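Fold and geometry: a report
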Amino acid sequence: MEPYQQAIAEQVAEEQRHHGKAQFFWVWGALLVMTAIEVYLTYRNMPPIRMLTILMGLSLIKAALIIGFFMHMKYEISQMKWLTMCALVICLSLMLIFFPDAFRILSLGAK
Amino acid sequence: MADATLTHDMPAAYEPSLFGTYSKKIGMWLFLMSDSLTFGALLFAYSYGRISTSNWPTPFHSESIVNATIMTAFLLTSSLTMVLAVRAAVNKDAKAQRLWLLATMACGMGFVILHGREWTKLIEEGLTLSVFPRLAGHAATGELGGVALSVPQFPATFFGLTGMHMLHVTLGVVYLGVVALRRYFIPVLLLFWLAAWLGTPATSPFHYGAHVLLLASVVCSIVLWLKPKVYDSSDVEVAGLYWHFVDLVWMFIFPLVYLMSAKIL
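Residues numbered from 1 in each chain as written. Chains lettered and ligands numbered in written order. Predicted model: local features only at pLDDT ≥ 70, side-chain atom pairs only at ≥ 80, totals over all residues.

Quick notes on the overall build of chain A
Secondary structure summary: chain A contains 5 helices and 0 strands in total. Traced from its N-terminal end to its C-terminal end, chain A shows the element sequence α-α-α-α-α. Radius of gyration (C-alpha) of chain A: 20 Å, far over the 13 Å computed for a compact globule of 111 residues. Its C-alpha atoms give chain A principal-axis dimensions of about 65 × 30 × 20 Å. With 111 residues in all, chain A has 18% of them scored as buried. (Helix = DSSP H or I, 4+ residues; strand = E, 2+ residues; numbered from the N terminus. Rg over C-alpha atoms; globule rule 2.2 N^0.38 Å. Buried ≥ 20, exposed ≤ 12 C-beta atoms within 10 Å, placed from the backbone.)

Concerning the overall build of chain B
Across its full length, chain B holds 10 helices and 0 strands. In sequence order, the secondary structure elements of chain B are arranged as α-α-α-α-α-α-α-α-α-α. Taken along the three principal axes of its C-alpha coordinates, chain B extends 80 × 40 × 40 Å. Taken across its 265 residues, chain B has 40% of its residues classed as buried. Across chain B, every contact between residues at least 6 apart in sequence was considered, and the portion connecting residues at least 24 apart equals 74%. (Contact = placed C-beta atoms within 7 Å.)

A closer look at the confidence of the model for chain A
When pLDDT is averaged along chain A, the result is 88, and 96% of the positions lie at 70 or above. When mean pLDDT is taken per element in chain A, helix H2 (residues 22–42) of chain A scores highest with 96 and helix H1 (residues 3–16) of chain A scores lowest with 75. (pLDDT = per-residue confidence, 0-100.)

Overview of the interface of chain A and chain B
Contacts between the two partners involve 44 residues from chain A and, on the opposite side, 45 residues from chain B. Here the residues of the side of chain A that touches chain B sort into 32 nonpolar, 7 polar and 5 charged. (Nonpolar A, V, L, I, M, F, W, Y, C, P; charged D, E, K, R; others polar.)

Description of the environment of A:Thr53
Structurally, A:Thr53 is set in helix H3 (residues 48–70). Separated by 17 residues in the primary sequence, A:Thr53 and A:Phe70 have C-alpha atoms spaced 25 Å apart.

Notes on the nonpolar core
Residues and elements named next belong to chain B. The biggest cluster of nonpolar side chains holds 85 residues, and the ones touching the most others in it are Ala85, Leu176 and Val249. It is helix H10 (residues 233–258) that provides the largest number of residues to this core, a total of 16 residues. Those residues in contact with leucine 176 that sit more than four places away from it in its chain are Leu101, Thr104, Met105, Ala239 and Trp243. (Core = buried A, V, L, I, M, F, W, Y, C linked by C-beta atoms within 7 Å.)

Things to note about the packing of helix H2 (residues 62–90) of chain B against helix H3 (residues 94–124) of chain B
All names here are of chain B. Running from amino to carboxyl end, H2 crosses H3 at an angle of 165°, the nearest separation of the two axes being 8 Å. One way to sum up the angle between H2 and H3 is to call them roughly antiparallel. Viewed along their axes, H2 and H3 form a crossing whose handedness is left-handed. Residues that form the contact of H2 with H3 fall into these classes: 16 nonpolar, 10 polar and 1 charged. (Axes fitted to C-alpha atoms, helices over the stretch in contact; angles between N-to-C directions. Parallel < 35°, antiparallel > 145°, perpendicular 65-115°, else oblique. Left-handed = near helix turned anticlockwise from the far one by under 90°.)

Some remarks on unusual backbone geometry
With a phi angle near 65°, A:His72 is a residue other than glycine that sits in the positive phi range. As for its position among the elements, A:His72 is in the loop between H3 and helix H4 (78–94). Positioned with a positive phi, B:Lys92 is a non-glycine residue whose angle comes to about 55°. Position of B:Lys92 among the secondary structure elements: in the loop between H2 and H3.

Examining the packing of H2(A) against H3(A)
When two helices pack together, you describe them by how their axes are tilted relative to each other and by the distance separating the axes. Residue and element names in this part refer to chain A. One can describe the packing of H2 onto H3 by two numbers: an axis separation of 10 Å at closest approach and a directional angle of 165°. The orientation of H2 with respect to H3, classified from their angle, is roughly antiparallel. In terms of crossing hand, the pair formed by H2 and H3 is left-handed. Residues Gln23, Phe24, Val27, Ala30, Leu31, Met34, Ile37, Glu38 and Leu41 of H2 pack against Met51, Ile54, Leu55, Leu58, Ile61, Lys62, Leu65, Phe69 and Phe70 of H3. Tallied by class, the residues present in the contact of H2 with H3 amount to 15 nonpolar, 1 polar and 2 charged.

Topic: H2(A)
A rise of 1.5 Å per residue sets the reference length of H2(A), with its 21 residues, at 30 Å; its end C-alpha atoms lie 31 Å apart and thus fit the reference within 8%. If you check which residues of H2(A) are buried, you get A:Phe24, A:Val27, A:Leu31, A:Thr35, A:Glu38 and A:Thr42. In an axial view of H2(A), the angular spread of the buried residues amounts to 75°, which keeps them on one side of the axis. In H2(A), those exposed residues whose orientation departs by more than 90 degrees from the buried face are A:Ala22, A:Trp26, A:Gly29, A:Val33 and A:Tyr40. On its buried side, H2(A) packs onto H3 of chain A together with H2 and H10 of chain B. (Expected span 1.5 Å × (residues − 1). Arc of directions from axis to C-beta.)

Looking at H3(A)
Residues and elements named next belong to chain A. Between its terminal C-alpha atoms H3 stretches 31 Å, which fits the 33 Å expected from 23 residues at 1.5 Å a residue. Here H3 has its buried residues at Leu55, Ser59, Lys62, Leu65, Ile66, Ile67, Phe69 and Phe70. Following H3 by one or two positions, histidine 72 adopts a phi angle in the positive range, close to 65°.

Written out as C-alpha cells, the structure reads:
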C-alpha cells in the first residue's frame with residue numbers, strides 16, 4: 001500500500017480501537033430477536049400484504065443495523081454515508097418501475 | 001518548456017481522501033454497490049414472478065423454515081465473529097484475528113452445508129431445473145414434480161437467487177481463508193474441492209458445482225504468487241465488508257423467499 005494510503009488506514013484503525021465491543025453483541029442480539037419475530041409471524045395466519053409489510057420493515061431495520069454497525073458506516077464521514085447510500089437507494093428504487101406490469105399481467109388473468 | 005514543472009497546492013506526501021478513508025475500502029464499497037444491484041435485480045425478478053403468477057407454490061414446510069432459520073443464525077453469528085476479527089486486527093492481535101476469521105469461515109461453511117441439504121431435499125421432491133442432472137424417478141413422483149412444470153418461474157428464480165447467494169458465501173469463505181492462512185489455505189481448499197466433488201453423487205448439482213473451489217484455488221494461487229504479503233487490518237476490514245454484505249443480502253432473501261412461501265399447517 002502507498003505510504004499516504006497506509007497513513008489513512010492507520011488513522012481509520014485508530015478510530016476503530018475506540019469502538020466498544022459490547023455494542024456488537026447488542027446488535028447481534030437485536031438481529032437474532034428480529035429474525036425470531038419474523039419466524040413467529042410465519043406461524044401465524046396473517047394476510048400476505050400485512051405480513052410482507054412487517055417482514056420488509058424488519059428486514060430494512062436489520063439491513064440498517066448491519067450497514068451502520070458491522071460495516072462501520074455509522075462512523076464514516078457524511079460524504080461517504082450520503083453518496084453511497086443515496087446512490088444505492090435511488091438505483092434500487094428505479095427497479096420498482098417493473099411492478100405495475102406484474103399486476104397488469106395478473107389482472108389479465110394470464111396463466 | 002522541458003524544464004517546466006506543474007505545481008499544485010496539495011502536499012506530495014499526503015492527500016486527504018474525499019471519502020475520509022483509504023482507496024481499498026472505497027473500491028470494495030463500489031463493488032458492493034454494483035453487486036447489490038445484481039441481487040436487487042434477482043430479488044425484483046423473483047417478486048415480479050410472484051406477483052404475476054396466481055398459483056405461486058408454497059413448498060416450504062416447517063422443516064425447511066427451521067433449516068433456513070438455523071442458516072440465518074449461522075450467518076448472523078458469522079457477522080459477529082467477523083467484526084471481532086476486524087477488532088482483533090486493528091488491535092494487532094494476530095492470533096485472535098486468525099481464530100475469529102476461522103470461526104467466521106466455520107459459520108459460513110455451516111450455512112453452505114445446510115443450504116446444500118435444503119437444495120438436495122427440494123430436488124428429490126421434484127423441484128428441479130433442466131440444467132440439473134436427471135434424478136431418476138423423483139421428478140415424476142415427487143411432491144413438487146408438478147410445480148416445476150406448472151410454474152417454471154419458481155424453480156428458475158429460486159435456484160437462481162439462492163444459488164447466486166450460495167456462490168457468494170462460498171467465495172467469501174475462500175476470501176477469508178486466504179486472508180487468515182495465506183498460501184497455507186491452498187492445500188486446504190484443494191481438500192475441500194476433493195471432498196465436495198467425491199462426496200456428492202453424480203446426480204447432484206453440487207458434484208459439478210464443486211469445481212468452483214478448484215477454479216478458486218487456481219485464482220488464489222496466482223494472486224498469492226504474484227503478490228505475496230501479510231494481510232493487515234485494512235485487508236481484514238475490507239474482507240469483512242464483503243462478508244457483512246453477504247449476510248445483509250440474506251436478510252432479504254430469507255423473508256421474501258422462505259417465509260412468504262411457507263406451508264405451515
